[in-house]
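Okay, here's what each chain looks like letter by letter:
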Amino acid sequence: MTRLVTLLAALLLAAPAAARAVPAHDLSVRIDPQERTLEGRDTIRLDSAGPVTLLLSGRFRVNSLSVDGRMVRAPGSPREALQRIVLRSARRIDIRWSGVLVALDRSLDHRGTLSYGAPASAPEGTYLPAGSGWYPAVEGSLERYRLALDLPAGQRGLVAGRLMEESEAGGRYRARFDFPQPSEGIALMAGPYRVEQRRLRTAAGSGVRLRTYFHPEIAEFARGYLDSIAGYLDLYERWIGAYPFSEFSVVSSPTPTGLGMPTLTYLGIEVLRLPFIRSTSLGHEVLHNWWGNGVYPDYAHGNWAEGLTTFMADYAYREREGGEAATATRLAWLRDYASMPPGDDSALVRFTSRTHGASQVVGYNKAAMVFFMLREAIGAAAFDEGVRRFWREQRFRVASWDDLRGAFERASGRDLAAFFGQWLSRPGAPDLRIADARAVPTIGGWRLEVTLAQGAPAYVVSVPLVIRAIQSPRGDITRRVELGGERDTAALDLPHEPLAVALDPDFRMFRRLAAAEAPPILRQAMLTGSPTMFSLSAEPGMQVAAQDLAAKLFERSGARDTVIPVTLVIGLHADIDEWLAGAGMAPRPPALAAGRGSAQVWTVRAGDGRTLVLVSVRDAPSLAALARPLPHYGQQSWLLFEGARAIERGVWPAQPQVWELRPAAR
Ligand SMILES: [Zn+2]
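Here the structure is a predicted model, which means the values were calculated and not measured. (Residues numbered from 1 in each chain as written. Predicted model: local features only at pLDDT ≥ 70, side-chain atom pairs only at ≥ 80, totals over all residues. Heavy atoms only, no water.)

Let us look at helix 9 (residues 380-394). Because the α-helix completes a turn every 3.6 residues, residues three or four places apart line up on one side. A rise of 1.5 Å per residue sets the reference length of helix 9, with its 15 residues, at 21 Å; its end C-alpha atoms lie 21 Å apart and thus fit the reference within 8%. Ala 382, Phe 383, Gly 386, Val 387, Phe 390, Trp 391 and Gln 394 are the residues of helix 9 that are buried. Backbone geometry just downstream of helix 9 places Phe 396 in the positive-phi region, at approximately 60°. (Helix = DSSP H or I, 4+ residues; strand = E, 2+ residues; numbered from the N terminus. Expected span 1.5 Å × (residues − 1). Buried < 20%, exposed > 50% of the residue type's maximum accessible area, 1.4 Å probe, protein only.)

Dropping the structure here:
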């Protein structure tokens with residue numbers, strides 16, 4: 001399941017107008033999803049007269065326009081997607097417009113287009129994205145608004161904000177909303193919703209109205225979702241500070257959407273049915289009301305909000321499951337990073353939104369790892385204090401990485417310029433290794449001398465070393481060693497004889513994994529710049545299915561820089577066994593004994609550094625069944641399929657970097 005995305009408005013990329021106060025809209029919108037018509041009326045008030053440009057979709061006709069009480073000729077019918085209505089000076093604008101919305105395409109995925117898709121409508125769902133020009137947005141500015149919505153009876157709809165009143169009478173549903181904070185734009189959703197509601201008194205004492213707007217076919221899930229939202233609001237109020245809004249709603253979409261906005265999240269019906277969404281993505285979206293929609297990232301200087309949200313939501317939930325789950329998450333992040341083509345890497349400050357898989361590796365995962373390392377460096381108490389301070393100081397403001405650093409510096413009393421500098425402005429990661437290690441007896445114990453090395457230019461890092469020792473009553477000993485150069489030797493005094501020393505075996509640092517630490521996973525095939533495929537069967541059905549699978553798996557590779565060459569080998573079970581034997585390769589792994597399942601997929605690192613992906617199937621239909629599911633399992637090293645269903649899967653174990661001391665010491 002792809003992680004959900006926060007709404008990102010183009011308006012903010014052109015820095016918000018600092019000189020003038022935030023313009024206020026007073027909107028009335030009437031929508032008929034059957035006819036796909038929209039009629040709108042808006043009064044826009046600015047605190048002082050000055051030039052204003054309004055952006056309205058070219059789908060709409062401006063029926064009337066008046067500026068400061070004087071009627072103005074509306075611009076002619078524009079051919080552009082977005083018509084620009086340029087006014088030399090305005091303090092109050094009254095505008096009416098109308099037009100026909102695009103027919104809703106159920107297969108449309110808003111994850112790719114975010115706020116820029118066309119305004120679309122149908123009886124099963126209406127979605128008017130913030131940046132689509134469905135209302136006259138003020139260019140280059142945050143906006144406050146009040147909105148009155150008018151829909152046919154049976155339909156329900158909403159925008160982000162406080163629900164002031166609603167009614168159903170005379171064959172119409174009407175609702176009024178108020179959003180007094182500066183917002184990044186207005187998105188509107190409607191559909192044949194069943195609404196469930198609960199009032200919550202939060203830890204901070206404020207009242208919050210929780211709602212689900214669900215299509216009838218998923219109405220049974222409403223209660224569970226309301227329970228979960230209440231839990232998340234409680235968690236984050238205690239951790240960060242009071243929830244900044246009066247509502248939170250989960251809204252279902254007929255399209256496979258995943259969007260977060262202030263006061264609500266808009267998720268596909270099929271997404272909402274998935275059992276794990278309540279325990280993962282939902283919390284992530286709730287937290288975006290603090291990070292992203294409560295404090296706005298300064299996009300031009302890097303989006304910190306996804307990393308902080310990933311750390312305090314997705315990662316925090318894994319940490320609550322226990323240390324092993326948390327370690328596995330950090331390893332998965334580092335493994336994804338290790339399989340990313342270097343050309344896709346970029347400095348964290350250059351991450352502004354999520355565009356594809358590679359930027360998630362940096363913008364979400366590397367950023368979350370930076371927050372993890374920061375907490376390790378300054379301690380959990382100072383970290384939490386920094387988070388609370390940042391929230392107090394920046395609520396409803398545009399804040400940068402520098403503002404975050406400032407909050408953590410004041411909370412910890414430490415200068416964090418070097419820490420943030422190296423992790424934010426440098427692409428890449430340190431490649432750390434143990435260059436040498438020796439143990440010598442001392443009076444009353446042992447001295448371990450460890451030489452650590454890294455490439456140039458060196459990072460300044462605190463490297464955890466885990467030492468296995470004879471007679472150590474409390475098991476392994478963990479020590480941190482500071483490394484600031486390309487090569488440094490540290491001396492550690494130990495009470496017992498050390499036997500072996502491992503470099504960061506729990507993956508507590510953002511670094512480039514050594515080959516043995518990063519076992520091959522399918523994701524390498526999806527990101528490789530040099531994909532090749534062998535089909536071992538001449539049968540036409542197998543050939544066609546093999547081509548189809550290769551196309552799906554290598555879909556996004558193509559013109560990438562070569563990092564790890566990947567060869568896909570596809571055949572019937574017997575042909576694969578014969579090919580492995582002929583190539584002098586290890587036989588099929590025990591977990592995938594011949595005959596189990598209808599298809600088996602596994603990765604192998606070949607001697608020449610190439611990754612092989614072996615696909616062994618019972619017959620052509622078994623192969624054809626893999627094309628759709630397999631690209632979703634990039635994190636796995638091996639899978640066992642029955643038809644299109646993955647019945648078993650796993651990752652080959654990572655081999656930590658260990659230096660054995662015993663033979664050298666004797
Ligand atoms: Zn997010």
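From this point, the discussion proceeds with the structure in view.
Pairing in this open sheet of 3 strands is antiparallel, and the strands run 23-24-27 from one edge to the other. Strands with a single pairing partner mark the edges of an open sheet, and in this sheet they are strand 23 (433-442) and strand 27 (487-494). The sheet shows a mean angle of 15° between the axes of neighbouring strands, taken without regard to direction. With 9 bridges connecting them, strand 23 and strand 24 (residues 445-453) associate as antiparallel partners. Within the sheet, the bridge partner assigned to Ala 437 lies in strand 24 and is Val 450. (Pairing = 2+ DSSP bridges. Axes fitted to C-alpha atoms, helices over the stretch in contact; angles between N-to-C directions.)

What follows concerns the coordination of the zinc ion. Reference values for coordination geometry: four tetrahedral donors around a metal ideally subtend 109.5 degrees, six octahedral donors ideally subtend 90 or 180 degrees. Ligation of the zinc ion by protein atoms is provided by His 284 (NE2), His 288 (NE2), Glu 306 (OE) and Glu 306 (OE), these donors lying 2.1 to 2.8 Å from the ion. In this structure, the zinc ion is coordinated by 4 donor atoms arranged in irregular fashion, with angles at the metal of 51 to 156°. As a motif over one chain, the donors of the zinc ion read H-x3-H-x17-E. Residue His 288 is found in the loop between helix 5 (281-287) and strand 21 (296-297), and its partner Glu 306 is found in helix 6 (residues 305-321); the two are separated by 18 residues along the sequence. On the basis of relative accessibility, which here comes to 0%, the residue His 288 falls in the buried class. (Donors = N, O, S within 2.8 Å, 3.2 Å for Na, K, Ca; no water. Tetrahedral: all angles 85-135°; square planar, octahedral: opposite > 155°, others 65-115°.)

The 4 strands are arranged 26-25-28-35 in an open sheet whose pairing can be described as antiparallel. Single-partner strands in this sheet number two, and they are strand 26 (477-483) and strand 35 (657-660). When strand polarity is set aside, the average angle formed by the axes of neighbouring strands in this sheet is 30°. Note: strand 25 (residues 461-469) against strand 26, 7 bridges, orientation antiparallel. Paired with Val 461 across the bridge in strand 26 is Leu 483.

Here Leu 282 lies in helix 5. Placed 113 residues apart in sequence, Leu 282 and Ala 169 show a C-alpha to C-alpha distance of 34 Å. Setting aside residues no more than four positions away along its own chain, Leu 282 makes contact with Tyr 225, Ser 228, Ile 229, Tyr 232, Val 250, Thr 265 and Ile 277. (Contact = heavy atoms within 4.5 Å.)

Moving on, we come to the side chain of Gln 657. Among the structural elements, Gln 657 can be located in strand 35. At 3.0 Å, the side chain of Gln 657 forms a polar contact with the backbone oxygen of Leu 432. Among residues more than four places away in sequence, those in contact with Gln 657 are Leu 432, Arg 433, Ile 434, Val 501, Ala 502, Leu 503, Arg 511, Ala 514 and Glu 517. (Polar contact = N/O pair within 3.5 Å; in protein donor to acceptor, adjacent residues only side chain to side chain.)

Turning our eyes to something else, we now look at helix 10 (residues 401-412). Between its terminal C-alpha atoms helix 10 stretches 16 Å, which fits the 16 Å expected from 12 residues at 1.5 Å a residue. For helix 10, the complete set of buried residues consists of Trp 401, Leu 404, Gly 406, Ala 407, Phe 408 and Glu 409. Taken from the residues just after helix 10, Gly 413 is the one with a positive phi, measuring 65°.

Moving on, we come to unusual backbone geometry. Between Ala 456 and the following residue, Pro 457, the backbone shows a cis peptide bond with an omega angle of -10°. Look at Asp 504: it is not a glycine, yet its phi comes out positive at around 40°. For Asp 504, a relative accessible area of 1% gives the class buried. One non-glycine residue, Phe 507, lies in positive phi territory at about 55°. Here Phe 507 shows up in the loop between strand 28 (498-503) and helix 12 (523-527). The class of Phe 507 is buried, set by a relative accessible area of 6%.

Let us look at the pattern of salt bridges. This model, assessed by the stated rule, comprises 32 salt bridges. With its nearest N and O atoms 2.9 Å apart, the salt bridge here joins Arg 209 to Glu 247. Here Glu 247 lies in strand 18 (residues 247-253) and Arg 209 lies in strand 17 (residues 207-214), a separation of 38 residues in the sequence. Of the two residues examined, Arg 209 and Glu 247, each falls in the buried class. Each of the salt bridges in this network shares a partner with another, and the network as a whole consists of Glu 385, Arg 389, Arg 392, Glu 393 and Arg 410. (Salt bridge = Lys/Arg side-chain N within 4 Å of Asp/Glu carboxyl O.)

Turning our eyes to something else, we now look at the confidence of the model for the chain. With 91% of its residues at a pLDDT of 70 or more, the chain has an overall mean of 88. With pLDDT under 50 throughout, residues 1-19 is counted as low confidence; its partners more than four residues away or in other chains account for 68 contacts. The model gives residues 110-115 a pLDDT under 50, and that stretch makes 21 contacts with residues more than four places away or in other chains. (pLDDT = per-residue confidence, 0-100.)

Moving on, we come to the packing of aromatic side chains. A complete count under the given rule lists 31 aromatic pairs for this structure. Ring geometry for Tyr 236 versus Trp 239: centroids 6.1 Å apart, planes at 10°, classification stacked. Residue Tyr 236 and its partner Trp 239 are both found in helix 3 (residues 222-239); the two are separated by 3 residues, about one turn of the helix. Residue Tyr 236 shares its accessibility class with Trp 239, and that shared class is buried. With centroids separated by 6.4 Å and ring planes inclined at 55°, the aromatic side chains of Trp 290 and Trp 391 adopt a geometry described as tilted. Of this pair, Trp 290 sits in the loop between helix 5 and strand 21 while Trp 391 is found in helix 9, placing the two residues 101 residues apart along the sequence. The buried category is assigned to Trp 391, whose relative accessible area is 4%. The ring of Tyr 459 carries Arg 426 above its face, with NZ or CZ at 3.8 Å from the centroid. (Phe/Tyr/Trp six-rings, centres within 6.5 Å; stacked < 30°, edge-to-face > 60°. Lys NZ or Arg CZ within 6 Å of the ring centre and 35° of its normal.)

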